[in-house]
Amino acid sequence: METNKDKWIEEVLGSTQGMAKADAPAALYDTVMEALSRPRAVRGITLPVKQWAVAAVLLIAVNIASVVYFSTHSRPAGGDDDMMVAQMVSESTYNY
Amino acid sequence: MLVADYRQKVFNTAISMVQDHGMAEDISQEVFVTVYKSILSFNGKSAISTWIYRITVNKCLDHLRAKKRRKHGIIGQLFYGDTGEPVHDNPDFIHPGIQLERKEKSVYLFQAVESLPENQKTVFILAHIEELPQKEIAEIMSMSLKAVESLLQRAKGNLRKKLTHIYEKESKTGNV
């Protein structure tokens, strides 16, 4: 037995029956011709969202990698250069 | 002349797909500009109406995707992707060709159609609003006849589910 709900759904689904076609504004032809006669705008290069995302992730990854590399490979304080400078200072002090 | 011959088909398809009069006008203009610019590359393997319908459907889908991107933003798109979720700015849309006594009910139909996935929505509109034969729909959408039949069945099933949901919601408020 058809319930009110089923009847309502059938009526909604059938609401396009006998519908007319919607028509475009009469000025469509003129606007198309005007658009065709317009000089082409120079557009910038656009990348899709996913390509921008990949580029951003790569940039961040390179930054993180460089920070990690330089923090683990930096020379320890008191290395050869520091000792040499300290020696030069002390030698110059004794000469006076 | 192409515009005179096809403007109704193009506009009717566009307004049914995007449910927005202004956007449908823009799409119609873009479709004919594309048609005139690429008419020389039309290979004639399909009917010219099929080719124009294909351009129209693609332009509509492009506009709807762009609208969704504008609504969710780039970050939202990255995290959630294309969920097929409708961007419904005009829930009370009434197609201008609907008969007066059916207008009220057609609002619910277009709300439900808006919630369908792209392919199902396209097939449903071409079959039930443009009243095209399934063979032509298959050519427009570059798919097999069986795929079109299957999409149409799924579209109708999903519409019934959505309408059931709407009925239950509206009956609580006494609107139906």
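Thresholds, definitions, all that
- Residues numbered from 1 in each chain as written.
- Chains lettered and ligands numbered in written order.
- Predicted model: local features only at pLDDT ≥ 70, side-chain atom pairs only at ≥ 80, totals over all residues.
- Helix = DSSP H or I, 4+ residues; strand = E, 2+ residues; numbered from the N terminus.
- Buried ≥ 20, exposed ≤ 12 C-beta atoms within 10 Å, placed from the backbone.
- Rg over C-alpha atoms; globule rule 2.2 N^0.38 Å.
- Contact = placed C-beta atoms within 7 Å.
- Axes fitted to C-alpha atoms, helices over the stretch in contact; angles between N-to-C directions.
- Parallel < 35°, antiparallel > 145°, perpendicular 65-115°, else oblique.
- Left-handed = near helix turned anticlockwise from the far one by under 90°.
- Nonpolar A, V, L, I, M, F, W, Y, C, P; charged D, E, K, R; others polar.
- pLDDT = per-residue confidence, 0-100.
- Expected span 1.5 Å × (residues − 1).

Peer 1: Which residues make up the overall build of chain A, and what values do they have?
Peer 2: Assigned secondary structure in chain A consists of 4 helices and 0 strands. Each helix and strand of chain A, placed in order from N terminus to C terminus, yields the pattern α-α-α-α. Classification of the 96 residues of chain A by burial places 7% in the buried group.

Peer 1: How would you summarise the overall build of chain B if you had to cite specific residues and measurements?
Peer 2: The secondary structure content of chain B amounts to 7 helices and 0 strands. For chain B, the succession of helices and strands along the chain, N to C, is α-α-α-α-α-α-α. Taking 176 residues into account, the globule formula puts the C-alpha radius of gyration at 16 Å, and chain B, at 17 Å, falls close to it. C-alpha atoms of chain B, sized along the principal axes, occupy 55 × 40 × 30 Å. Split into buried and exposed, the 176 residues of chain B put 35% on the buried side. Within chain B, residue pairs in contact and separated by at least 24 positions form 59% of the contacts whose partners lie at least 6 positions apart.

Peer 1: Tell me about the packing of helix α1 (residues 4-13) of chain A against helix α7 (residues 145-172) of chain B, and please be specific about residues and values.
Peer 2: Contact geometry of α1 of chain A with α7 of chain B gives a least axis separation of 10 Å together with a crossing angle of 120°. Taken together, α1 of chain A and α7 of chain B sit at an angle that is classed as oblique. When you trace α1 of chain A past α7 of chain B, the crossing you get is right-handed. On α7 of chain B, the residues touching Lys-5, Trp-8, Ile-9, Val-12 and Leu-13 of chain A of α1 of chain A are Leu-159, Arg-160, Leu-163, Thr-164 and Tyr-167 of chain B. Split by residue class, the contact of α1 of chain A with α7 of chain B holds 7 nonpolar, 1 polar and 2 charged.

Peer 1: Any chance you could break down the interface of chain A and chain B for me, citing the residues and the numbers?
Peer 2: Each partner contributes residues to the interface: chain A has 24 residues there, and chain B has 34 residues. Those elements giving two or more residues to the side of chain A that touches chain B turn out to be α1, α2 (28-37) and α3 (49-72) of chain A. A breakdown of the residues in the side of chain A that touches chain B according to their chemical character gives 16 nonpolar, 4 polar and 4 charged.

Peer 1: Hey, could you go over the environment of Thr-173 of chain B for me, with residue numbers and the actual values?
Peer 2: Residue and element names in this part refer to chain B. Positionally, Thr-173 belongs in the segment after α7. Classification of Thr-173 by C-beta neighbours within 10 Å gives exposed; the count is 7. For the pair formed by Thr-173 and Val-3, sequence separation is 170 residues and the distance between their alpha carbons is 46 Å.

Peer 1: Now, about the packing of α2 of chain A against helix α2 (residues 21-38) of chain B: what can you tell me, with residues and values included?
Peer 2: Between α2 of chain A and α2 of chain B, whose axes approach to 9 Å, the crossing angle comes to 55°. Accordingly, the angle class assigned to the pair α2 of chain A and α2 of chain B is oblique. When you trace α2 of chain A past α2 of chain B, the crossing you get is right-handed. Mapping the contact onto sequence places Leu-28, Thr-31, Val-32, Ala-35 and Leu-36 of chain A in α2 of chain A and Ser-28, Gln-29, Phe-32, Val-33 and Tyr-36 of chain B in α2 of chain B. A per-class count over the contact of α2 of chain A with α2 of chain B returns 7 nonpolar, 3 polar and no charged.

Peer 1: Report on the confidence of the model for chain A, specifying residues and quantitative values.
Peer 2: Taken as a whole, chain A shows an average pLDDT of 80; of its residues, 66% reach a score of 70 or greater. At the level of individual helices and strands, chain A shows its lowest average pLDDT in helix α4 (residues 80-95) of chain A, which scores 62, and its highest in α1 of chain A, which scores 94.

Peer 1: Got a sec to walk through α3 of chain A? Specific residues and values, please.
Peer 2: If you check α3 of chain A, its first and last C-alpha atoms are 35 Å apart, about what 24 residues at 1.5 Å a residue would give, namely 34 Å. Among the 24 residues of α3 of chain A, 0 are classified as buried, and the element is accordingly described as predominantly exposed.

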